[in-house]
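Close look at the chain arrangement
Read off the chains here:
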Amino acid sequence: DVKVTQSSRYLVKRTGEKVFLECVQDMDHENMFWYRQDPGLGLRLIYFSYDVKMKEKGDIPEGYSVSREKKERFSLILESASTNQTSMYLCASSPATGTGYGYTFGSGTRLTVV
Amino acid sequence: AQSVTQLDSQVPVFEEAPVELRCNYSSSVSVYLFWYVQYPNQGLQLLLKYLSGSTLVKGINGFEAEFNKSQTSFHLRKPSVHISDTAEYFCAVRPNTGGFKTIFGAGTRLFVKA
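Residues numbered from 1 in each chain as written. Chains lettered and ligands numbered in written order. Predicted model: local features only at pLDDT ≥ 70, side-chain atom pairs only at ≥ 80, totals over all residues. Heavy atoms only, no water.

Looking only at helices and strands, chain A has zero helices and 12 strands in total. Helices and strands appear in chain A in the N-to-C order β-β-β-β-β-β-β-β-β-β-β-β. If you line up chain A on its principal axes, its C-alpha atoms span 40 × 30 × 25 Å. Among the 114 residues that make up chain A, the fraction classed as buried is 48%. Of the roughly 5,500 Å² that chain A leaves accessible, carbon and sulfur atoms contribute 49%. (Helix = DSSP H or I, 4+ residues; strand = E, 2+ residues; numbered from the N terminus. Buried < 20%, exposed > 50% of the residue type's maximum accessible area, 1.4 Å probe, protein only. Areas by Shrake-Rupley, 256 points an atom, 1.4 Å probe, with all protein chains shown as cover.)

Given below as structure tokens:
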């Protein structure tokens, strides 16, 4: 089975801290994604990557950056955490485009910024 | 651009009753359609998908969905629900023209009562 692993289930950080959320997948998928999930808003795409060192902004990239130095790892960075970034963060991966594959998701990281 | 509307934010139902979770979408291009399920404190899991062909698709756990192109709908159904089906369900669309961004609905929380 494809596995997407997010390094932390729960995280509490202070306002202004730099925060790293890590995601690793073990099935050689080309595409990786970061979403945030908020009640009533569903999932909103922050950033995605379709190859190593490639990244594209999603719908809500402000306040975030990403890094993909290796194919299996996709990191989300909050440059200076703020309370409105308190949310559930979900990482996902999928094979190359146009194949109709769904996403495989990690278990999520619930981040609280105080 | 695509959008997804899940018409019910919450659906309470008694065990062994049938259920329908409604999803409408909007898109200027042809799309793939997905339903995902999220159990408490977990990531999303693919339930079923429509790519082409027969408009009735069957998924895991006894769920099925019907694609209606004229009504741009993709409603999810189960003839008899169990307590264990209590979860949040997300409808999603992705263009089938080579793009790989998936747009998610806001989710429907299914609550199965004994």
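Residues and elements named next belong to chain B. Taken as a whole and assessed by the stated rule, the structure comprises two disulfides over all chains. The disulfide bridge from C23 ends at C91, spanning 2.0 Å between sulfur atoms. Disulfide C23-C91: torsion about the S-S bond near -70°, hence left-handed. On the criterion of sequence distance, the pair formed by C23 in strand β4 (residues 23–26) and C91 in strand β10 (residues 87–95) is long-range, its members being 68 residues apart. (Disulfide = S-S within 2.5 Å.)

This brings us to the nonpolar core. Counting residues in each nonpolar core, the largest one holds 28 residues, and the members touching the most others are L33, W35, L47, L48, F74, L76 and Y89 of chain B. Setting aside its immediate chain neighbours within four residues, L33 of chain B contacts Y25, L48, K49, Y50, F67, F74, A92 and V93 of chain B. (Core = buried A, V, L, I, M, F, W, Y, C linked by side-chain atoms within 4.5 Å. Contact = heavy atoms within 4.5 Å.)

Taken residue by residue, the interface counts 22 residues in chain B and 25 residues in chain A. Summing both sides of the interface, chain B and chain A together bury roughly 1,800 Å²; the carbon and sulfur share of this comes to 55%. Remark: the boundary between chain B and chain A carries one salt bridge. Note that K101 of chain B is salt-bridged to D59 of chain A, the shortest N-O span being 3.6 Å. At the junction of chain B with chain A, the criterion picks out six residue pairs in polar contact (both at pLDDT 80 or more). Contributions of two or more residues to the side of chain B that touches chain A are made by β5 (31–38), β6 (44–50), β10 and β11 (103–104) of chain B. A per-element tally of the side of chain B that touches chain A places β5 of chain B first, with four residues. (Buried area = accessible area lost by both parts, 1.4 Å probe. Salt bridge = Lys/Arg side-chain N within 4 Å of Asp/Glu carboxyl O. Polar contact = N/O pair within 3.5 Å; in protein donor to acceptor, adjacent residues only side chain to side chain.)

Next up on the list: the pattern of salt bridges. Residues and elements named next belong to chain A. Scanning the model with the defined rule gives 14 salt bridges over all chains in all. For E79, the salt bridge is made with K18, and the minimal N-O distance between the two is 3.7 Å. Residue E79 is located in the loop between β9 (73–78) and β10 (87–94), and its partner K18 is located in the loop between β2 (10–13) and β3 (19–21); the two are separated by 61 residues in the primary sequence. Of the charged contacts in the structure, one is a salt bridge between K71 and E30, with a shortest N-O distance of 3.8 Å. Taken as a pair, K71 in the loop between β8 (64–70) and β9 and E30 in the loop between β4 (23–25) and β5 (31–38) lie far apart in primary sequence, 41 residues in all.

This brings us to the packing of aromatic side chains. Per the stated rule, a full pass over the model turns up 16 aromatic pairs over all chains. Between F33 of chain A and Y35 of chain A, the aromatic rings sit 6.5 Å apart at their centres with planes inclined by 35°, giving tilted as the arrangement. Just as F33 of chain A is buried, Y35 of chain A falls in that class too. An angle of 50° between the planes, with centres 6.0 Å apart, marks the rings of Y103 of chain A and F105 of chain A as tilted. F105 of chain A shares its class with Y103 of chain A; the two are buried. Here a set of aromatic residues connected by ring pairs shows up, and it is made of F33, Y35, F48, Y103 and F105 of chain A together with F34, Y36 and F104 of chain B. Its end group placed over the ring of F14 of chain B, K113 of chain B keeps NZ or CZ at 4.5 Å from the ring centre. (Phe/Tyr/Trp six-rings, centres within 6.5 Å; stacked < 30°, edge-to-face > 60°. Lys NZ or Arg CZ within 6 Å of the ring centre and 35° of its normal.)

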